[in-house]
Every structure is written in structure tokens, then in C-alpha cells.
Amino acid sequence: MDSRQIIELTQRFSAHNYGPLDVVLRSGEGSWVEDIEGKRYLDLLSAYGAINFGHKNPRIIKAAHEQLERLTLVSRAFYSENFAYLCQELAEFCGKDKVLLMNSGAEAVETAVKAARKWAYEVKGVPQDEAEIIVCSDNFHGRTTTIVGFSTSADSRTNFGPFTTGFPSIPYGDAAALDAAITDRTAAFIFEPILGEGGIIIPPDGYVRQVREICSRRNVLMVADEIQSGMCRTGSIFACDHESVVPDMYILAKSLGGGVVPVSAVAADDAIMRVFTPGTHGSTFGGNPLACAIAREVLALIREEKPHVRAAELGAYGLERLQAIQPGVVRAVRGRGLWYGIDIDPKAGTAKDFCKKLKYEGVLCKDTRVQTIRVAPPLTITKEDLEWGLDKMIKVLTS
């Protein structure tokens, strides 16, 4: 079948509708992917950041093959060798006592919600069923019913209610609003250090430090959703590192699985994690041997190759070039590390319109919040490939 036939078959039988750019991919290596008709594209989306370390990364593929030859799944009644090692290595990587492994980012967020509530009742002393978790407007934490209930996006919420209560929302980047919203019932503040799906929105300088101070002073858990911003994307290991802040809890996913399998995690100290006792939380596939082997190799790759250093250097170069675009089609450009948000003037069209134009130039990007192009190259991209992609983007955005 050709691309059109596969697209028609997908649209006929699949209920997924993410607004595809009509590209049917067959293979990928490094920063490049190829469709079923042999056309190559530079991947400046990295599968929403799940492929931070490039397609078919040889280290990660080797670790996967070796584990596939040994053991792929165990019951939760048993341990696997890699499970134990990954728990230790990931806890140390995050500077925390314990981790809890799941599969998807949404599962990890749900885990953090459950941990924060249980901590509120058993440690902080919040009256039963009255715990609240403060969230931010324009957030994106996943698509489960609870999570979309505390989204402010109409696309996420409409016709999925009634929703779980207990999630007051405040403006993103407003530390004073956080301080004012906290009550004796507040268990936690869950936030993205940089809004990803919200348009690569970077908060004011000092915001993350202010959040840390407020949460510590008010006895509220600071929970950083680093699913998109973490694992070297922004030019540091975690986005919170830019302000030398350590949250009470990290939420990780996407690139932790090396672009091969889903794996996610919550990392926190024992004073929080001890609220989970046998039978109170778990997952059939969470922490399976294959996922653990791959995640261990991802951590080793970060320790040894330091991709955050490259992300900072190349990211600054790319941002300088994009911000030099004269006003017109482009209204604003933001970025940190190899992560950019490009706002398109509505008079020129939508971000999706320009993503389609970029596709014909051999560059894959994705729109978000209608008017923003999200750019997230693999962290292993070469400067030459990045320059090629930037040339194409500048051509499309200035023509």
C-alpha cells in the first residue's frame, strides 16, 4: 500500500485523531526518518521528546536486544535484576530515596496525585477527602479523566465530565497566586517548570526558586512534572536545575524509555514514598525487565555523554538564529536548550499550516495551542543537521 491508502485505512479504523501531517514513517536513524515511499525528513519533534537521544540509538538498541534475549516480563509477585538496579540508579540520579516505576507519563502523574493525597492524610493531617492539589492554567499533564479534569484546555475537557474535585487552578508563572491559593487542605503543587504542550512557555526568572520557598514554608509538596522538560532537553538534566532547585517529587517519562518502550517514574524521598504499602498502587507492566534495561542505558548515556551540555550549546545557537527572524509571520520565539516555541501571527495562518509547509521541505514539526510551532530536535542532532533544518524553517517562515 502507498501512503494515501495507509492514511485512509488508519482514518477508517482508528479513533485516534491528532491532526496528522499525512506522513507514514517506516524507519529512522539519528535525527532522520524515512517514509514508506523513501522520502527523508529531519525530525524536529523527537516524538514529543520521547526520542531525545535519536532514532535507533546504537547504545539503547543494543541494551534492548540483550534484554530481549534474556527476560521480557515478570509478574509483580517477583523482582527482576534490572528492576532493582534501575530503582537504585534512578533514585541516585534524581537525588531521591525511592522511585516508583510505571509506563506512561499520565500514569506517573496519577501516581504523584495519589502519593500527594495519601501523604496529606497520613503525614500532614488534612481531614479525610478534603485534600487539594494546586495546578496551573494552560497545563498539560496527560489525558486520563482525573488529569483532563484539572486542565484548562477545552479540547481536553469538553464532554468528559463530571470531573474529580480538589484541583484549584492558578495562573502559570505567578508565585504570589500560589502563596495566596494555599490553605490548610493543600497537599501539593503540581507544575511544569516550562510549559510544553502549552507552547514552550518559560516562567519569569526566579519563579521556580519562589515556588520552592513557598512550598517549604507552607508545608506543601513541590511536584515537578519534568516529563517533557527533563532528561537534558533544556540544557540541564532537569529544568528545575536552571534555578538550582530540587522539588519534593519528580515526574519522569518519555525519553526515559529511549524511544523504544514506554517507561515512567515518580521519584521522591522516603518520607513521601512510604505512604505506598503493598496493594495500594501498582501496574502490570510497570518496571518490566525490558523497560528497565533500556532506562538504565539511558541513564548511563546521560552520565557518560552529557547530552545536556550539547543541548545548551546547540540550543543557544538555534535560538539566536530563530530570534533573528524579522517580525511578520513570526510574532515571537522562545526557547531553552533544544526546545523552541515559535508563535505564528494569526493573520498569516495557523501553526499547523506552517508545519505542513515545512513537511514539504523535509522537516517535521508539530503545532500546539493553534498558533505555536513546537520544535524539539533529538539531543544527538549534529550542528550540520540543525543548520539545515533551521535554514528550511527560516525559508518557510520568511517567504
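In what follows, the structure referred to is the one given above.
Treat the numbers as computed from the prediction; the structure is a model and nothing was measured.

As a further point, take the nonpolar core. Core analysis: the largest hydrophobic core is formed by 63 residues, its most contacted members being Leu90, Phe93, Ile342, Cys365, Ile373 and Leu397. Counting residues per element, this core draws most heavily on helix α11 (residues 289-305), which supplies nine residues. Listed in part, the 33 residues of the second largest apolar core include Met102, Val113, Ala253 and Val266.

What follows deals with the sheet that holds strand β13 (residues 363-364). Read across the sheet, four strands follow the order β1-β2-β3-β13 without closing on themselves; strand pairing throughout is mixed. Looking at strand neighbours, the two that pair on one side only are β1 (25-29) and β13, the edges of this open sheet. Across three bridges, strand β2 (residues 32-35) lies against strand β3 (residues 40-43) in antiparallel orientation. Directly across from valine 33, in β3, lies its bridge partner tyrosine 41.

What follows covers the sheet that holds strand β11 (residues 330-335). The sheet built from four strands is open, its strands ordered β11-β12-β15-β14 with antiparallel pairing. Whereas interior strands pair on both sides, the edge strands pair on one side only; in this sheet they are β11 and β14 (366-368). The sheet shows a mean angle of 25° between the axes of neighbouring strands, taken without regard to direction. Pairing of β11 with strand β12 (residues 340-344), which is carried by five bridges, proceeds in the antiparallel orientation. Counted as the bridge partner of alanine 332 is aspartate 343 from β12. Helix α12 (residues 307-323) contacts β11 and β12 of the sheet and is inclined by roughly 10° relative to β12.

With that settled, the discussion passes to the pattern of salt bridges. Taken as a whole, this structure holds 24 salt bridges when the rule is applied. A salt bridge links arginine 59 to glutamate 305, with the shortest nitrogen-to-oxygen separation between them at 3.2 Å. Remark: glutamate 305 occurs in helix α11 and arginine 59 occurs in helix α3 (residues 58-68); sequence separation between them is 246 residues. Given the relative accessible area of 22%, arginine 59 is considered partly exposed.

This next bit is on the packing of helix α4 (residues 81-94) against α11. Running from N to C, α4 and α11 cross one another at 35°; their axes reach a closest spacing of 9 Å. Here the hand of the crossing between α4 and α11 comes out left-handed. Contact residues: α4 offers Asn82, Phe83, Tyr85, Leu86, Glu89, Leu90 and Phe93, while α11 offers Pro289, Cys292, Ala293, Ala295, Arg296, Leu299 and Ile302. Residues of the contact of α4 with α11, tallied by class, amount to eleven nonpolar, one polar and two charged.

The rules we used
- Residues numbered from 1 in each chain as written.
- Predicted model: local features only at pLDDT ≥ 70, side-chain atom pairs only at ≥ 80, totals over all residues.
- Heavy atoms only, no water.
- Core = buried A, V, L, I, M, F, W, Y, C linked by side-chain atoms within 4.5 Å.
- Buried < 20%, exposed > 50% of the residue type's maximum accessible area, 1.4 Å probe, protein only.
- Helix = DSSP H or I, 4+ residues; strand = E, 2+ residues; numbered from the N terminus.
- Pairing = 2+ DSSP bridges.
- Axes fitted to C-alpha atoms, helices over the stretch in contact; angles between N-to-C directions.
- Contact = heavy atoms within 4.5 Å.
- Salt bridge = Lys/Arg side-chain N within 4 Å of Asp/Glu carboxyl O.
- Left-handed = near helix turned anticlockwise from the far one by under 90°.
- Nonpolar A, V, L, I, M, F, W, Y, C, P; charged D, E, K, R; others polar.

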